[in-house]
Amino acid sequence: MAALLMPPLRPRKDRVFRGTISHLTNLNDDELRRRYRFGKDSIAYLCNLLQDRLRRPTNKATALTVEQQVCIALRYYASGSFLQVIGDTLGYDKGTVSRVVSDVTDALIDIKDDFVSWPTDVDSINRIKCGFYRQSNFPNVLGCIDCTHVRIQAPSDDEPSYVNRKGYHSINVQAVCDFEGRFTNIFANWPGSTHDSHIFNTSTLSNYLQTNHRGLIDGVILGDSGYACRPYLLTPYANPTERHQQRFNGCHASTRSVIERTFGYFEKTVRMKPEKVCRIFGACAVLHNIALSRNEPLVNDDGAGVRLDQPVQVPAFLGVQDGRNTREHVARLFFNH
């Protein structure tokens, strides 16, 4: 009698295994870049770079190849779409896509320090200083800093702290880039309601600059008015009245525009938990730098190259070592004409 009252069991769904047909077979480089942001040679480079971390420890013929995993993850990074949509588009189950994105993200984070690193050697520092000066005539710049909000779905834990000043849920990501738009520092640990200056003050970069910065001889980074003006972080004048202050602000804005353009490549919604979003942004930063190093075309990329040379010499500032006096020293020396 009990057996008669039990609901009928649903028939088990047959497992469907996809073949190992290459995603790259019938697409040219332009079509690949529209879907994956990388051409065929660069995708092959990524597969070779990550193969030891992604190769499945099995002899099953149905196991995903490294190429398939890389293409699935790149499609997700490039579109920011739902995992289900990515799976339906490429012919994989949603769970498979989720695991692959997680595995590829972890693999890219493992090699992050090889592609996203703060310049410490003299040649790299001089090259960056020369690059910024040739582009915008601002001397002794090591990088431009800003934060960007990566939109996320509302999390279940501590939801209000993720609502930013514009009213949507986000992760507030701090980044520094060089004159080419190459990321040199990433800090993606804070919810959207956190102020930019607080993120900087708690970052390892701030601690490094406070400990190691020796004044103008070491160079400066440029930030907007959301940051405090410091000897190593110059911000624009709040109320410029003199000509050199106005010229300083104009050149400052022109130089800083590179970080705004770079952030433009990341403006999408990521539909994952906050801690995963932070890792995905780090993985995308690695891919962005790889794309630049391999000359992959990017939106608004002018392809300007900079030869290695000696940077403009900035006379040492011997006055009170605070941000406002350092800014005034630079403004009077280079923009008072």
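Residue indices begin from 1 for each chain and proceed along its sequence in written order. In keeping with the model being predicted, local features are shown solely for residues with a pLDDT of at least 70 and side-chain atom pairs are shown and tallied solely at 80 or more, while totals for entire chains, interfaces and linings include all residues. Side-chain descriptors were evaluated using all non-hydrogen atoms of the structure, hydrogens and water having been removed beforehand.

S.K.: Can you explain the overall build of the chain? Please cite residues and give values.
M.R.: Tallying secondary structure elements over the chain gives 13 helices and five strands in all. The buried label goes to any residue with under 20% of its type's maximum accessible area, the exposed label to any with over 50%, and the partly exposed label to all in between, with areas taken from a 1.4 Å probe on protein chains only. Of all 337 residues assigned to the chain, the portion counted as buried reaches 49%. Note on contacts: a residue pair qualifies if any of its non-hydrogen atoms lie within 4.5 Å across the two residues. Put simply, of all contacts in the chain between residues at least 6 apart along the chain, 67% involve residues at least 24 apart. For the chain, the exposed area adds up to about 18000 Å²; of that, 48% sits on carbon and sulfur atoms. Note on conventions: DSSP H or I runs of at least 4 residues are helices, E runs of at least 2 residues are strands, and numbering of each starts at the N terminus. Each accessible area is a Shrake-Rupley estimate made with a 1.4 Å probe; only the visible protein chains count as cover when residues are assessed.

S.K.: Outline the pattern of salt bridges, listing residues and values.
M.R.: Whenever a carboxyl oxygen of Asp or Glu lies within 4 Å of a side-chain nitrogen of Lys or Arg, that contact is scored as a salt bridge. For the structure on display, the rule yields 14 salt bridges. Between D30 and R33 there is a salt bridge, with the nearest N and O atoms lying 4.0 Å from each other. A residue pair is termed a helical-turn pair when its members lie 3 or 4 positions apart in one helix, as D30 and R33 do in helix 2 (residues 29-36) at three residues. Looking at R33, the relative accessible area reads 24%, which means it is partly exposed. A salt bridge links D52 to R55; the nearest nitrogen and oxygen atoms lie 3.7 Å apart. Note on D52: relative accessible area 65%, which makes it exposed.

S.K.: Explain the nonpolar core to me, and be specific about the residues and the numbers.
M.R.: Working definition of a nonpolar core: buried Ala, Val, Leu, Ile, Met, Phe, Trp, Tyr and Cys residues. They are joined through side-chain atoms within 4.5 Å. Grouped together as the largest cluster of nonpolar side chains are 74 residues, with contacts concentrated most on I43, V70, L74, Y77 and L108. Of all the elements, helix 12 (residues 274-293) adds the most residues to this core, at eleven residues. Core analysis: the second largest hydrophobic core is formed by 15 residues, L142, I145, I221 and Y232 among them.

S.K.: So what's going on with the packing of aromatic side chains? Which residues, and what values?
M.R.: In this scheme Phe, Tyr and Trp rings, the latter by its six-membered ring, pair at centre separations within 6.5 Å, and the angle between planes marks the pair as stacked below 30 degrees, edge-to-face above 60, and tilted otherwise. Counted by the stated rule, this structure contains eight aromatic pairs. Seen from their ring centres, F138 and F248 are 5.4 Å apart, and the 65° between their planes marks the pair as edge-to-face. With F138 in the loop between helix 8 (122-136) and strand 1 (141-151) and F248 in helix 11 (residues 243-263), this residue pair connects regions lying 110 residues apart in the sequence. Each member of the pair, F138 together with F248, is buried. Consider the rings of F248 and F335, whose centres lie 5.7 Å apart with planes at 90°: the pair is edge-to-face.

S.K.: Now, about the sheet that holds strand 3 (residues 183-191): what can you tell me, with residues and values included?
M.R.: Two strands are counted as paired when DSSP detects at least two bridges linking them. Read from one edge to the other, the open sheet built from five strands follows the order 3-2-1-4-5, with strand pairing classed as mixed. Both edges of this open sheet fall to strand 3 and strand 5 (233-234), since each of them pairs with a single strand only. Looking at chain direction, strand 1 and strand 2 (residues 170-177) are connected through eight bridges and run antiparallel. Bridging from a neighbouring strand, H149 pairs with N172 of strand 2. The strands touched by helix 8 within the sheet are strand 1 and strand 2, with strand 1 carrying the most contacts at an inclination of about 80°. Here, axes are lines fitted to C-alpha atoms. For helices the fit covers the stretch in contact, and angles between N-to-C directions go from 0 to 180 degrees.

S.K.: Explain the environment of S293 to me, using residue names and the numbers behind them.
M.R.: Looking at the secondary structure, you find S293 in helix 12. Identification of polar contacts relies on pairs of N or O atoms within 3.5 Å, with a donor-acceptor requirement for protein atoms, meaning one able to donate a hydrogen and the other able to accept it, and with residues adjacent in sequence counted only if both atoms are side-chain atoms. A polar contact is formed between the side chain of S293 and the backbone oxygen of I290, at a distance of 2.8 Å.

S.K.: An account of unusual backbone geometry is needed here, citing residue identities and associated values.
M.R.: The phi dihedral of N137 falls on the positive side, at around 65°, and the residue is not glycine. Relative to the helices and strands, N137 resides in the loop between helix 8 and strand 1. Positive phi is not limited to glycine here, since N295 has a value of about 60°. Residue classification places N295 among the exposed positions, given a relative accessible area of 67%.

S.K.: Can you explain helix 11? Please cite residues and give values.
M.R.: Expected span, for any helix, means 1.5 Å times one less than how many residues it has. An ideal rise of 1.5 Å per residue puts 30 Å on 21 residues; helix 11 measures up with 31 Å between its terminal C-alpha atoms. Note that the bend at a residue is defined as the angle between axes fitted to the seven residues ending at it and the seven residues starting at it. Largest kink in helix 11: about 30°, centred on R256. Listed as buried for helix 11 are H244, Q245, F248, N249, C251, H252, T255, R256, V258, I259, T262 and F263.

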